[in-house]
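Here is how the chains run, residue by residue.
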Amino acid sequence: LCKRLRKSGVKAPILMLTGHDTDADTILGLDSGANDYVTKPFKFPVLLARIRAVLRRRQEPRGGDDGMGAACEFAGWRLDLVRRELRSPQSVVVNLSSGEFSLLRAFVERPQRVLTRDQLLDLARGRDSDAYDRAIDVQISRLRRKLDDGGGGELIRTIRSEGYMFTAKVVRTP
């Protein structure tokens, strides 16, 4: 049913509440298009929190033109959003994969704010992404290595049990 709804263009959030609790069932449910998967027995406050999280992710703006300038500067770095180019504080172009660029863009558009793995996956890869939440950890690790200029500054901080935060102040430029 979930697959048919998604194929027919239904964009409403779908949370599966089921007694099927194997990993295979969870993967199948999420791969079929569900936004979240909760198994019985469950605690009502947890269910409400998951519903709120799904609704929050749906309300997050995703990329696009939000009046943001053509570039962002942070900690001496410059991210050109039109050219999709990152320059180090020494003005050296740093090659970014498409995923790394999308992830960095998600961070610079929401600086100094905790973003969960789910939010980052949605923002960087889209809501229809079939990536697992831990895949974002690998991408963040690669991005951290590229942003490490030897100055010891931590631009992407891990917030335990919550997600990640881009710590630098971001200035938008034309």
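About the thresholds
- Residues numbered from 1 in each chain as written.
- Predicted model: local features only at pLDDT ≥ 70, side-chain atom pairs only at ≥ 80, totals over all residues.
- Heavy atoms only, no water.
- Helix = DSSP H or I, 4+ residues; strand = E, 2+ residues; numbered from the N terminus.
- Expected span 1.5 Å × (residues − 1).
- Buried < 20%, exposed > 50% of the residue type's maximum accessible area, 1.4 Å probe, protein only.
- Arc of directions from axis to C-beta.
- Core = buried A, V, L, I, M, F, W, Y, C linked by side-chain atoms within 4.5 Å.
- Contact = heavy atoms within 4.5 Å.
- Pairing = 2+ DSSP bridges.
- Axes fitted to C-alpha atoms, helices over the stretch in contact; angles between N-to-C directions.
- Right-handed = clockwise from strand over helix to strand, strands pointing away.
- Left-handed = near helix turned anticlockwise from the far one by under 90°.
- Nonpolar A, V, L, I, M, F, W, Y, C, P; charged D, E, K, R; others polar.
- Phe/Tyr/Trp six-rings, centres within 6.5 Å; stacked < 30°, edge-to-face > 60°.

(A) Seen up close, helix H6 (residues 135–147). With 13 residues, H6 should cover 18 Å at 1.5 Å per step; its first-to-last C-alpha distance of 19 Å lies within 8% of that length. Along H6, the residues that are buried comprise Ile136, Asp137, Gln139, Ile140, Leu143 and Leu147. All buried residues of H6 lie within an arc of 160° about the axis, which places them on one face of the element.

(B) Molecular detail of the environment of isoleucine 51. Checked against the element boundaries, isoleucine 51 lands in helix H3 (residues 44–59). Between the alpha carbons of isoleucine 51 and asparagine 35 there is a distance of 9.6 Å; along the sequence they are 16 residues apart.

(C) Structural context of the nonpolar core. Of all hydrophobic cores here, the largest spans 29 residues; its most connected members are Phe74, Leu104, Phe107 and Phe166. Top contributing element to this core by residue count: helix H4 (residues 98–109), with six residues. Residues in contact with phenylalanine 166, not counting those within four places in the same chain, are Phe74, Leu104, Phe107, Val108, Pro111, Gln112, Arg113, Leu155 and Ile156.

(D) Representation of the sheet that holds strand S10 (residues 171–173). With antiparallel pairing, five strands are arranged side by side in an open sheet as S6-S5-S4-S3-S10. Every other strand in the sheet has two partners, leaving strand S6 (93–94) and S10 as the edge strands with one partner each.

(E) Highlighting unusual backbone geometry. With omega at -5°, the peptide bond leading from lysine 40 into proline 41 counts as cis. The phi dihedral of arginine 84 falls on the positive side, at around 60°, and the residue is not glycine. Tracing the backbone through its elements, the reader meets arginine 84 in the loop between strand S4 (77–80) and strand S5 (85–87). In the Ramachandran plot, serine 91 falls in the positive-phi region, its phi being about 70° despite a non-glycine side chain. With respect to the helices and strands, the residue serine 91 is situated in the loop between S5 and S6.

(F) Main features of the sheet that holds strand S9 (residues 163–166). Spatially, the three strands line up as an open sheet ordered S7-S9-S8, and their pairing is antiparallel. Across the chains shown, the open sheet's two edge strands, defined by having one partner strand only, are strand S7 (114–115) and strand S8 (156–159). Those strands touched by H4 are S7, S8 and S9, and its axis lies near 70° from that of S9. Packing of H6 onto the sheet brings it into contact with S8 and S9, and relative to S8 it is tilted by some 145°.

(G) Structural detail: the pairing of strand S2 (residues 36–39). Bridge count between strand S1 (residues 15–18) and S2: four bridges; the pairing is parallel. Bridging from a neighbouring strand, methionine 16 pairs with tyrosine 37 of S2. Chirality of the crossover, the property in question, places the unit of S1, helix H2 (residues 23–31) and S2 among those that are right-handed.

(H) Examining the packing of H4 against helix H5 (residues 117–125) more closely. Relative orientation of the contacting elements H4 and H5 amounts to 115°, with a least axis distance of 8 Å. Handedness of the H4/H5 crossing: right-handed. Residues Ser102, Leu103, Ala106 and Phe107 of H4 form the contact with H5, whose own contacting residues are Leu120, Leu123 and Ala124. Of the residues assigned to the contact of H4 with H5, the class counts are six nonpolar, one polar and no charged.

(I) Molecular detail of the packing of aromatic side chains. A full pass over the atoms with the stated rule returns two aromatic pairs. Ring geometry for phenylalanine 74 against phenylalanine 166: centres 5.0 Å apart, planes inclined by 80°, an arrangement best described as edge-to-face. With phenylalanine 74 in strand S3 (residues 71–74) and phenylalanine 166 in strand S9, this residue pair connects regions lying 92 residues apart in the sequence. Taken together, the aromatic side chains of Phe74, Phe107 and Phe166 make up a single cluster linked through ring pairs.

Keep in mind these numbers describe shape, not what the thing actually does.
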